[in-house]
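These are the residues of each chain, in order.
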Amino acid sequence: MIRSLRTALMVAAIALPLAACGGRGGNAVAKTDLAASKVTTIGVNAYLWRASLDTLSFMPLVQTDSNGGVIVTDWYVNPQVPSERMKVTVSILDQDLRADAVRVAALREVNRGGQWVSAPVAAATTQKLEDVILTRARDLRRASIAG
């Protein structure tokens, strides 16, 4: 008797808050939240993932892990600056489209006498890549909501 009463109370405690979700106003909020995070079968925000791939499309990719949200490029040599090469790692840290959900790390090497030597990367370089990815992700989100 006590067990069935406890079960009934638990069901009521769960069912009552869920019953309030059935109205029209809740449905509009659910659509907005769904568009914000773009729930997919990958483990990270789909807009950030797509934007990262689009942004790094000119570089050869070594590793992509959509569940872990990691993209690693191979060394890229800009044809206009053949004595310098870059390698980039993008990490998507969240399922929500947020500014702090993407982190870019870069390595830079310069060629000195036929030897590749590590060189510092300007902080503005990684910040600019993050900004480009975020802008592209926001554009993708706007396009999916509009269409």
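Residues numbered from 1 in each chain as written. Predicted model: local features only at pLDDT ≥ 70, side-chain atom pairs only at ≥ 80, totals over all residues. Heavy atoms only, no water.

### Observations regarding the pairing of strand S6 (residues 115–119)
Pairing between strand S5 (residues 102–112) and S6: 5 bridges, direction antiparallel. By the bridge assignment for S6, Arg108 is matched with Ala119. (Pairing = 2+ DSSP bridges. Helix = DSSP H or I, 4+ residues; strand = E, 2+ residues; numbered from the N terminus.)

### Re the side chain of Glu130
Locating Glu130 in the fold gives a position in helix H4 (residues 123–146). One buried charge, Glu130, has no salt-bridge partner; the nearest side chain with opposite charge is Arg103, at 5.6 Å. If near-sequence neighbours (up to four positions away) are discounted, Glu130 is found in contact with Val102, Arg103 and Val104. (Buried < 20%, exposed > 50% of the residue type's maximum accessible area, 1.4 Å probe, protein only. Lys, Arg positive; Asp, Glu negative; His and termini not counted. Salt bridge = Lys/Arg side-chain N within 4 Å of Asp/Glu carboxyl O. Contact = heavy atoms within 4.5 Å.)

### Considering the nonpolar core
Across soluble globular proteins, nonpolar side chains show a tendency to be buried alongside one another. By size, the foremost hydrophobic cluster in this structure holds 22 residues, and its most contacted members are Leu48, Val88, Val90 and Ile133. The set of elements that each furnish at least two residues to this core consists of helix H3 (46–55), strand S4 (84–92), S5 and H4. Look past the residues within four positions of Val88 in its chain and what remains in contact with it is Leu56, Met59, Ile71, Val72, Thr73, Val104, Ala105, Ala106 and Leu129. (Core = buried A, V, L, I, M, F, W, Y, C linked by side-chain atoms within 4.5 Å.)

### Some thoughts on the packing of aromatic side chains
Each aromatic ring pair is described using two quantities: the centre-to-centre distance and the angle formed by the ring planes. Under the definition given, this model contains 1 aromatic pair. Judged by centre distance (5.0 Å) and plane angle (80°), the ring pair of Phe58 and Tyr76 falls under edge-to-face. On the criterion of sequence distance, the pair formed by Phe58 in the loop between H3 and strand S1 (61–65) and Tyr76 in strand S3 (residues 76–77) is long-range, its members being 18 residues apart. For Phe58, a relative accessible area of 46% gives the class partly exposed. Against the face of Trp75 rests Arg85, its NZ or CZ located 4.4 Å from the ring centre. (Phe/Tyr/Trp six-rings, centres within 6.5 Å; stacked < 30°, edge-to-face > 60°. Lys NZ or Arg CZ within 6 Å of the ring centre and 35° of its normal.)

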